[in-house]
Amino acid sequence: MHLRTDSELNPVFCTIVPPHLLDHLSRSAEPRLAVPARRTLEADALRRDRRRITALAATPVRHTAGAVPTKPHRTLYDCENGTALPGAKVRDEGDKATSDASVNRAYAGLGATFELLLSAYGRSSIDGRGLPLIGSVHYGREYNNAFFDGEQMVFGDGDGEVFLDFTVAVDVIAHELAHGLTQYTANLRYEGQSGALNESVSDVFGSLVKQYSLGQSAEQADWLIGAGLLAPAVEGKALRSMKAPGTAYDDDVLGKDPQPGSMADYIETEEDNGGVHLNSGIPNRAFYLTATALGGNSWERAGQIWFDVLTGGELAADADFAQFARLTVAAAGDRFGEADEREAVLKAWSEVGVPTRS
């Protein structure tokens, strides 16, 4: 078993809205739609390049000795529609709510993610050692995205035409923060199938935080990522559907949701790091099928299995779907024995066309 250390981290720049969707918007004949999308793509490209440079020169995070914190340490900043991070400090841990709804939603979402990790899995923050959680709101002007840059969360306000404020959906906040969880555990390489797994893990834990916060069972959950994020005029429910990939939106402006839900429709592409936001629909659906087959609270059994694989030290950084699937089957057996959990995992991967035998 090999658990990754701080010096081995390879932080990446991860966004909630995939490049292919923004690229589609940028080609609109309507400037009110195209201009914010182009500006967002340019800002993301610049930030991604900066991330590569700073990652190469990164110094390992140092943690103070002592007891592992059981409460979050959140700090929120306001970029005031600029792009310099982190911005002006506006709320620290324990401070009263501000008059800015974006600040308060981000503060609550970071706390909800910390709470799930600690309560359900005994993990203190994304690194397991109480790492402080930092968020910046009002990033850029009409910025149509939210991202985790390896160090902090950042939220745009959206353009109001296609996307609303990116703090409105707790699963979006948790999704991006879960990229940090992956960074500190399996550190899945952000390309091809390992990159799609990276994205899927974030969708899984984003959905689990949402369900945990709302007290929803697997049957009650909507299994949508980013519900409430699309503006009222958009024909769509969310950015992605874990239950039925490819059905989240079908809009004249956005186009049709292209996510596949099985290996029969796997997309071969060089765009978006090999389709990491597209093919993630396949493992997403496998998790949905597992969770709903088991019933009850998704974070208790299905979520525990996925968490065990992510943190167990056996998952290779360049893992493909088949390796991940085999490890979930093994993890289900190790934790629950030859019972319903293992059978549910086997059936789920079989339904989406991913083999579980070497």
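Keep in mind that what you see is a predicted model, and the values were worked out from it rather than measured. (Residues numbered from 1 in each chain as written. Predicted model: local features only at pLDDT ≥ 70, side-chain atom pairs only at ≥ 80, totals over all residues. Heavy atoms only, no water.)

Draft legend 1. Representation of the nonpolar core. Phe 163, Phe 205, Phe 287 and Trp 349 are the most contacted members of the largest nonpolar core, which totals 86 residues. By residue number, the principal contributor to this core is helix 3 (residues 101-121), which donates nine residues. Residues contacting Phe 205, with those up to four places away along its chain left out, are Leu 116, Tyr 121, Ala 174, Ala 178, Leu 181, Gly 303, Phe 307 and Leu 310. (Core = buried A, V, L, I, M, F, W, Y, C linked by side-chain atoms within 4.5 Å. Buried < 20%, exposed > 50% of the residue type's maximum accessible area, 1.4 Å probe, protein only. Helix = DSSP H or I, 4+ residues; strand = E, 2+ residues; numbered from the N terminus. Contact = heavy atoms within 4.5 Å.)

Draft legend 2. Structural view of the side chain of Ser 194. Secondary-structure assignment places Ser 194 in helix 5 (residues 192-214). Setting aside chain neighbours within four positions, we find Ser 194 in contact with Leu 188, Arg 189, Ala 317, Asp 318 and Ala 319.

Draft legend 3. Expanded view of the pairing of strand 2 (residues 74-78). Where burial is concerned, most of strand 2 is hidden: five out of the five residues are buried. On strand 2, burial covers both faces: Arg 74, Leu 76 and Asp 78 on one face and Thr 75 and Tyr 77 on the other are all buried. Looking at chain direction, strand 2 and strand 4 (residues 133-139) are connected through five bridges and run parallel. The partner of Leu 76 across the bridge, within strand 4, is Gly 135. As paired elements, strand 2 and strand 3 (residues 88-92) share four bridges and run antiparallel to each other. Within strand 3, the residue paired with Asp 78 across the bridge is Ala 88. (Pairing = 2+ DSSP bridges.)

Draft legend 4. The arrangement of the confidence of the model for the protein in detail. Of the residues in the protein, 92% reach a pLDDT of 70 or more, and the chain-wide mean stands at 92. In this model, residues 1-9 is a region of pLDDT below 50 whose contacts with residues beyond four sequence positions or in other chains number 25 contacts. A low-confidence stretch, residues 52-64 (pLDDT under 50), is modelled with ten contacts involving residues beyond four sequence positions or located in other chains. (pLDDT = per-residue confidence, 0-100.)

Draft legend 5. How the structure looks around the sheet that holds strand 6 (residues 153-156). The strand order 1-5-6-4-2-3 describes an open sheet built from six strands, whose pairing is mixed. Strand pairing shows two members of the sheet lacking a second neighbour, strand 1 (14-15) and strand 3, which therefore form its edges. Where strand 4 meets strand 6, three bridges bridge the pair, whose relative direction is parallel. Following the sheet pairing, Gly 135 is matched in strand 6 by Met 153. Its contacts with the sheet put helix 4 (residues 170-183) on strand 1, strand 4, strand 5 (146-148) and strand 6, and the angle it makes with strand 5 is roughly 15 degrees. (Axes fitted to C-alpha atoms, helices over the stretch in contact; angles between N-to-C directions.)

Draft legend 6. Just the packing of helix 4 against helix 5, in detail. Between helix 4 and helix 5, the shortest axis-to-axis distance is 7 Å and the interhelical angle comes to 130 degrees. As judged from the angle between their axes, helix 4 and helix 5 are oblique. For the element pair helix 4 and helix 5, the recorded crossing hand is right-handed. Contact residues: Val 170, Asp 171, Ala 174, His 175, Ala 178, His 179, Leu 181 and Thr 182 in helix 4; Asn 198, Glu 199, Val 201, Ser 202, Asp 203, Phe 205, Gly 206, Ser 207, Val 209 and Lys 210 in helix 5. Considered class by class, the residues forming the contact of helix 4 with helix 5 number seven nonpolar, seven polar and four charged. (Parallel < 35°, antiparallel > 145°, perpendicular 65-115°, else oblique. Left-handed = near helix turned anticlockwise from the far one by under 90°. Nonpolar A, V, L, I, M, F, W, Y, C, P; charged D, E, K, R; others polar.)

Draft legend 7. How the structure looks around the pairing of strand 6. Side-chain alternation along strand 6 places Met 153 and Phe 155 on one buried face and Val 154 and Gly 156 on a second face that is also buried. The pairing of strand 5 with strand 6 spans three bridges and is antiparallel. Bridged to Phe 147 within strand 6 is Val 154. What sits between strand 5 and strand 6 in their antiparallel hairpin is a turn of four residues, with Gly 150 showing a positive phi close to 95 degrees.

Draft legend 8. How the structure looks around the packing of helix 5 against helix 7 (residues 281-294). Between helix 5 and helix 7, the shortest axis-to-axis distance is 8 Å and the interhelical angle comes to 35 degrees. In this structure, helix 5 crosses over helix 7, and the sense of that crossing is right-handed. For the pair helix 5 and helix 7, the contacting residues are Ala 196, Leu 197, Ser 200, Asp 203, Val 204 and Leu 208 in the first and Pro 283, Asn 284 and Phe 287 in the second. Grouping the amino acids of the contact of helix 5 with helix 7 by side-chain chemistry returns six nonpolar, two polar and one charged.

Draft legend 9. Quick look at helix 7. In a regular helix each residue adds 1.5 Å, so 14 residues correspond to 20 Å; helix 7 covers 20 Å between its end C-alpha atoms and thus fits that length. Buried within helix 7 we find Gly 281, Ile 282, Pro 283, Asn 284, Arg 285, Ala 286, Phe 287, Tyr 288, Leu 289, Thr 290, Ala 291 and Leu 294. Against helix 5, helix 8 (302-311), helix 9 (321-336) and helix 10 (340-351) lie the buried residues of helix 7. Following helix 7 by one or two positions, Gly 295 adopts a phi angle in the positive range, close to 75 degrees. (Expected span 1.5 Å × (residues − 1).)

Draft legend 10. Structural context of the state of the cysteines. Evaluated as defined, the whole model comprises zero disulfides. Just so you know, Cys 14 is unpaired, no disulfide at all, and the nearest cysteine sulfur is the one on Cys 79, 18 Å from it. The buried category is assigned to Cys 14, whose relative accessible area is 2%. (Disulfide = S-S within 2.5 Å.)

Draft legend 11. Inspection of the pattern of salt bridges at higher detail. With the rule as written, the count across this model stands at 13 salt bridges. Ionic pairing is found between Asp 203 and Arg 240, a salt bridge with its closest N-O pair at 2.8 Å. Here Asp 203 is found in helix 5, whereas its partner Arg 240 is found in strand 8 (residues 240-241), with 37 residues between them in sequence. The salt bridge partner of Asp 308 is Arg 335, with a shortest N-O separation of 2.6 Å. Taken together, the residues Asp 308 in helix 8 and Arg 335 in helix 9 connect sequence positions 27 residues apart. Through salt bridges that share partners, Glu 30, Arg 32 and Glu 161 make up one connected network. (Salt bridge = Lys/Arg side-chain N within 4 Å of Asp/Glu carboxyl O.)

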